[in-house]
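Structure at a glance
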Amino acid sequence: MRSTPPESMTWQYSMGQAIKWTLQTQYWAFGPMTIWKLCIRSSTNGLFGPSPYVSGGKMLFLLHLHQLSPQGKRQRSSGEMEESETPKFPAFPYEPYSIQIDFMKALYRSLNKGGVSMLESPTGTGKTLSIICSALQWLVDRKQQLKSEANQTQTPGGGTGSDDEPDWMKNFVANKDPAVEDKMKKKLRFGKEKPDKGRNQGSCRNLLSPNLVEEGIHEKKDSENLEEINGVESNDEEFLVEEYESEEEGVGVGKSKRKASGVSINSSSDEEEEDDNEEDGEGLKIYFCSRTHSQLSQFVKELRKTIFGNEMKVVCLGSRKISCINEEVLKLGNSTRINERCLELQENKKKEVSKLKNLGSEGRIRRTKASSGCPMLRNHKLQKQFRSEISQEGALDIEDLVHLGRWMGTCPYYGSRSIIPAADLVVLPYQSLLSKSSRESLGLNLKNNIVIIDEAHNLADSLISMYDAKITSSQLEHVHFHIKQYLQRFRNFLGPNNRRYIQTLLVVTRAFLQILLNSKDTSLVDPGHDAEKAFGAKSASDSSMAINDFLFSLNIDNINLVKLLHYIKESNIIHKVSGYGDKVAKLQKGSALNDGGESNEEGSTLSGFRAFVDMLLSLTNNDVCSGQQGGYLKYVMLTGEKIFSEIVDQAHAVILAGGTLQPIEETRERLFPRLTSDQFHFFSCSHIIPPESILPVALSHGPSGQSFDFSYSSRSSSIMIEELGLLLCNLVTVVPEGIVVFFSSFDYEGQVYDAWKASGILERIMKKKCVFREPRKNTDVEFVLKEYKEAIDKSSDRNQKEDPVPQNGAILLAIVGGKISEGINFSDGMGRCIVMVGLPYPSPSDIELLERVKHIEGLGVSISSRSTKFSVGNEYYSGDVQVGFDILRSCKHRGKEYYENLCMKAVNQSIGRAIRHINDYAAILLVDARYASDPLKRSFSHPTNKLPQWIKDRLVSVTGKYGEAHRLLHQFFKFNKKRGCQ
C-alpha cells in the first residue's frame, strides 16, 4: 500500500471523491491522527469552510465529509428549508384571520432562519393559538425532514455514504455517533472513578478518632469513651465539616474528601439508570415559557383545542409551591421556606446511612440504598407510573399534574421533571428557563432547540431581577455570629484548609457589617479607611458603587471569591454551620424555633446563609452596581446581555412574543445590544378590529382651555389637578360603562384623589359613576376588580331596561406598572375608555434605574472619551432627585433613548389592555400636550412615534379646544352602540 497518494489527487479541491480518497489513503497509512491534522489544515485553506468548534478529529472529518456532494458541492443543510415553500397550518381549529396567517408565517420563517426574533401581535388577536399552530407545525415538518434525510443517506445494506466508498468507511460513519460516544466515555470514566473514590474514602469518625472503626460490632461503651477522648459529643459529629483539599492557585479547584458517613452526591443506581434511559430518548423540542402559572395553564388550554394536544408529548413544569403535595411542607406557606424544606428533605435522603455492621476481617462500613426523606418520593414505582399516566393523558396543565399526583400519592414536581428528555414541548415559567442553575437542575438541554418566550415585554426586568442579591444587616449579624460560634466549637477538629476558609468567611462578614453599621467599634469589625468616605457618614443614606470599588473600599479585594464560593459548595459548610446554630438555639431557647427552623427575628438561619452566598456570587460578576440602602446590601445587575447570550448561543432560535413589545430598542439595549441585523428579526401585525372600533386621541387642552402639562415640576399644581378633574367630569357624561384612568404612581394618584375630594370634583364624578382605586397590595386587586365589574354590569342591565339611573358605570383609578396595568384585560364594558395621564417616566430618584441609564449611555463609548462625554458616570449617586435629573440631562444618546423607551413601553402596556376581540371597541385618551403635536413636525423620538402601529395609524391629535375631542367621543360611542344593536 502506498504511504502517500499522488500529488495531483491531493490538491484537487473541486473533486469531492478525490479528496475523500486522499484522506482515506492517509488513514490507512498513518492512522486517524493524520486525518485530523489534514482536515484542520484543509479547512483553514477553505476546502471545507471554517470550523470554529473542534471536538475530536475523526468526528470533525466525517461531519465535513458528508456536507460534500459527489460533485464536491455543499448540499443544503438539514437546518435550511426552501424560502419558496409556503407553510400550511391545518391544526388551526378555526378559520384564521389574515393577520393570524401573517403571524404564523412570520414565526415559521423565524424558526427556519434561527437567531433572535421579536414577534408582536396585539392583545386579543389570538396570539397564543397562532404560536401553537405555527411552532408545532414547524416541529412536525422539521422532524419529518430530518427523518427523510436520514433515510436517504441509508444504503440497502445499512451503511451510509456513496457506493464507491470502502466498507470500513461506511461502517465507521454508521457507528460513530458523537452523542453515543460521549455517553460511553462518561460511563467508562464514571466506572473507573467510583472504585478509587470508595478506596480513598474514610469516615468522619476517622477524622475524630482513628480508633473508632474496628473489626466487629462497636459497643455503647466504646462510643462513650470516644466522647471523653475527643471532647466532641457524638450528636455534634454530624455538624463537623469534612476535610477539604485545596489545590494550588491556578492549578485547579479544591474538593472535599467524601467520607463513608458523609453526604453522597450521587443518587441511587436505579435512578442513574433511569436517567440514562431518559437521555437516550431526547430529541428536538420546543421550550415555551411565560411569566405566571396562570398564563401557562391558559397556554395548555389553547393547546388542547388543536390536534397537537394529543399528538405531542407535552410536559408542564411549575414551582415547588404550586406543585408540592406534602401537607407538612405546604404549611410553611412562604415560597422560600417551601423550597428550603424540600431541599432539606432531599439532603436527608442522601445522609441516611446504615449502622455499623460486622463484615468479617475487612471491617468496612457500608451504606444502605438511599431513600427519600419526603414520603412522596419514596416509591419509585409510583413515579414511573406517574410518568406513564402523563404520556397517556395528553397535554396536562399544572393543576392537572398536581391533582394526578395527589390521587396517586407521588410528587408531581419531580415526576414532571423526569419527563423532560422525552417531551416534544416543555411548558415552564420564566425563572426555570432563564436561570442557568435552574436549567442545570432541571436538565434542560437548549442545544439546537427552540425557545419561545411569551409576554416578553417584561423579559429584561425578569431576567435581571432573578440575579439580584440582597442581604440585610440583621441577616449578616446572624451569619457572622453562627460562623464565629461554629469556629469556636470545632476549631481543634478542623483541618488547616477548613480553618482558613472559615476565617475568610468571618473577614468578609465583618467587612459587610462594617459598611452597613458604619460602626467604629473595632471589637466587631476591622476598620476600612475608604469605606466611610465612599458611602458617606449617614447610615441611612442610599448610595451605589461599582463592584471593584466596593471590594477595594472594604480591603477584601485580595480574597479569591471564586475559590471561596467553590469551598462553600463543596464542603457543604452553610448547612453544617446553620444546622449547628439551630441546634444550639433550640437548646437555649426551647420553643423559640418552630419546626421549619424559622427564627423569631428574621427567617431561617439557612435563608440568611443563602442570602450571603448569593451576595458573594454576585460580587464575582462585572459591569454591575452594588449599593447600600438603609440597612441592607443589594447587588443589581445592570444588563442581562451575558446571561441571555448563553441561551441565544445554545438554541437554534429564540422567539420573543408579546402583545406590546414596542419600542423594541429598550429590550435590545438590555439583552442583545451587539446582535447584528442578520441575526435579529422583528415582525408586528395589525389588529383584527376595524378602524371604526378604536379612537385614540392625543389631548393637549382641558375643558377650561388650560394646557395639560404633567411633567414632574408641574403635575402637582392645583390648576393641573383641577383641570384633570374637570376632564373626568365631562367624560362621565359621554363614555358608557367603564373608564380606566392610569396615573404615574400611587403617590400621585393619592394626591389627586385627595385634592378632588376636597374641592368637590370627586362628588360630581360619583353622581355619574362609582369610583374605585387600585390597592397597593396585590392580594386586594381581585376584590376591587370584582366590585368594579359588578358596578358596570348593574348599570348595563338597568340601561337595557331603560330605567332612569343616577349612575352609569364606574371609574377605576389605576397605576402604570401596577398589577392592573400588567395582567388585567379590560374587555367590553370594563374598558370603554382608557385615560393615560401624562408621560409616566420612571422616578429620577430610583438609584438602580439611574445606574442602568449610566451604563447604557456608556455602551459603545471608548474609555478615553467616556470621561469627557459623560463625566457624571464616575460619581457616586446618592438618590437625590435633582442629581438624578442632572444625570438624565447629561445623557445624549443611548441612555436618553432608553429612559424614553421605558416610559412609552409602560404607556403601550397600559393602553393595550382595552381591545380583546373583534367586536370590542374603546377610546384611548393620551392626556398631555407632549402627546399632541403637528404630525409633520414630530421627531423620531416623539412619544407618539413609539406607539404600537395599530394605534399610531388611527391617532387623532387634538391641539385646539377640548370641545373637538368631546364631539369625537360622542360620535364614536353613538356609532358603536348603534352597530352593537344591529
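Higher on the page you've got the structure.
Conventions and cut-offs
- Residues numbered from 1 in each chain as written.
- Predicted model: local features only at pLDDT ≥ 70, side-chain atom pairs only at ≥ 80, totals over all residues.
- Heavy atoms only, no water.
- Pairing = 2+ DSSP bridges.
- Helix = DSSP H or I, 4+ residues; strand = E, 2+ residues; numbered from the N terminus.
- Axes fitted to C-alpha atoms, helices over the stretch in contact; angles between N-to-C directions.
- Contact = heavy atoms within 4.5 Å.
- Parallel < 35°, antiparallel > 145°, perpendicular 65-115°, else oblique.
- Nonpolar A, V, L, I, M, F, W, Y, C, P; charged D, E, K, R; others polar.
- Phe/Tyr/Trp six-rings, centres within 6.5 Å; stacked < 30°, edge-to-face > 60°.
- Lys NZ or Arg CZ within 6 Å of the ring centre and 35° of its normal.
- 1 Å grid on protein atoms, 1.4 Å probe; cavity = no way out; pocket = protein on both sides within 12 Å on 5 of 7 lines; lining within 4 Å.
- Points joined across faces, edges and corners; volume = space filled by probe spheres on them.
- Salt bridge = Lys/Arg side-chain N within 4 Å of Asp/Glu carboxyl O.
- Buried < 20%, exposed > 50% of the residue type's maximum accessible area, 1.4 Å probe, protein only.

**Here we look at the sheet that holds strand E13 (residues 680–684)**
- Judged by pairing direction, the sheet is parallel, and its seven strands sit side by side in the order E5-E6-E4-E7-E12-E1-E13 without closing on themselves. With partners counted over all chains shown, the strands left at the sheet margins are strand E5 (314–316) and E13, one partner each. The sheet shows a mean angle of 15° between the axes of neighbouring strands, direction not considered.
- Across four bridges, the pairing between strand E4 (residues 286–290) and strand E7 (residues 450–453) is parallel. Across the sheet, the residue bridging to tyrosine 287 is valine 451, located in E7.
- In this fold helix H12 (residues 293–303) packs onto E4, E5 and strand E6 (425–429), with an angle of close to 155° to the strand it touches most, E6.

**Some remarks on the packing of helix H37 (residues 847–857) against helix H40 (residues 894–911)**
- Where H37 contacts H40, the two axes come as close as 7 Å, and the packing angle between them is 135°. If you check the angle between H37 and H40, you find them oblique. Note on element contacts: H40 touches H37 through Arg894, Gly895, Lys896, Tyr898, Tyr899 and Leu902, opposite Leu849, Arg852, Val853, Ile856 and Glu857.
- Residues of the contact of H37 with H40, tallied by class, amount to six nonpolar, one polar and four charged.

**Thoughts on the environment of glycine 409**
- Position of glycine 409 among the secondary structure elements: in the loop between helix H18 (398–408) and helix H19 (412–417).
- C-alpha separation for the pair glycine 409 and phenylalanine 386, spaced 23 residues apart in sequence, amounts to 9.5 Å.
- Among residues more than four places away in sequence, those in contact with glycine 409 are Met376 and Leu382.

**Concerning the packing of aromatic side chains**
- One pass over the structure, following the stated rule, counts 20 aromatic pairs.
- Aromatic ring contacts, followed pair by pair, group Tyr486, Phe490 and Tyr580 into a single cluster.
- In this structure, arginine 489 is placed above the aromatic ring of phenylalanine 490, and the distance from its NZ or CZ to the ring centre is 5.3 Å.
- It is arginine 773 that lies over the ring of tyrosine 753; its NZ or CZ is 3.8 Å from the centre.

**As for the sheet that holds strand E20 (residues 956–958)**
- Read across the open sheet, the seven strands follow the order E16-E17-E15-E18-E19-E14-E20; overall the sheet is parallel. Among the strands making up the open sheet, the edge pair consists of strand E16 (770–773) and E20. The mean angle between the axes of side-by-side strands here comes to 20°, regardless of whether they run parallel or antiparallel.
- Where strand E18 (residues 833–837) meets strand E19 (residues 922–927), five bridges bridge the pair, whose relative direction is parallel. The residue of E19 that forms the bridge with valine 837 is valine 927.
- Set on the sheet, H40 makes contact with strand E15 (738–743), E18 and E19; between it and E18 the angle comes to about 160°.

**Some words on empty space enclosed by the protein**
- In total, this model carries 10 cavities of 30 Å³ or more according to the counting rule given.
- Each pocket or cavity is described by its volume, and for the largest cavity that value is around 110 Å³.
- If you list the elements that add at least two residues to the lining of the largest cavity, you get helix H16 (335–351) and H19.
- Of the residues that constitute the lining of the largest cavity, the class distribution is 11 nonpolar, one polar and one charged.

**Observations regarding the pattern of salt bridges**
- In the structure shown here, the tally under the stated rule is 24 salt bridges.
- A salt bridge links aspartate 454 to lysine 127; the nearest nitrogen and oxygen atoms lie 2.7 Å apart. Remark: lysine 127 occurs in helix H6 (residues 127–153) and aspartate 454 occurs in the loop between E7 and helix H22 (459–466); sequence separation between them is 327 residues. Taken individually, aspartate 454 and lysine 127 each receive the classification buried, so the pair is uniform in this respect.
- Glutamate 646 serves as the salt-bridge partner of arginine 439, at 3.6 Å between the closest nitrogen and oxygen. Of this pair, arginine 439 sits in helix H21 (residues 436–442) while glutamate 646 sits in helix H30 (residues 641–650), and the two are 207 residues apart along the sequence.
- The network of salt bridges with shared partners includes Asp461, Glu666, Arg670 and Lys905.

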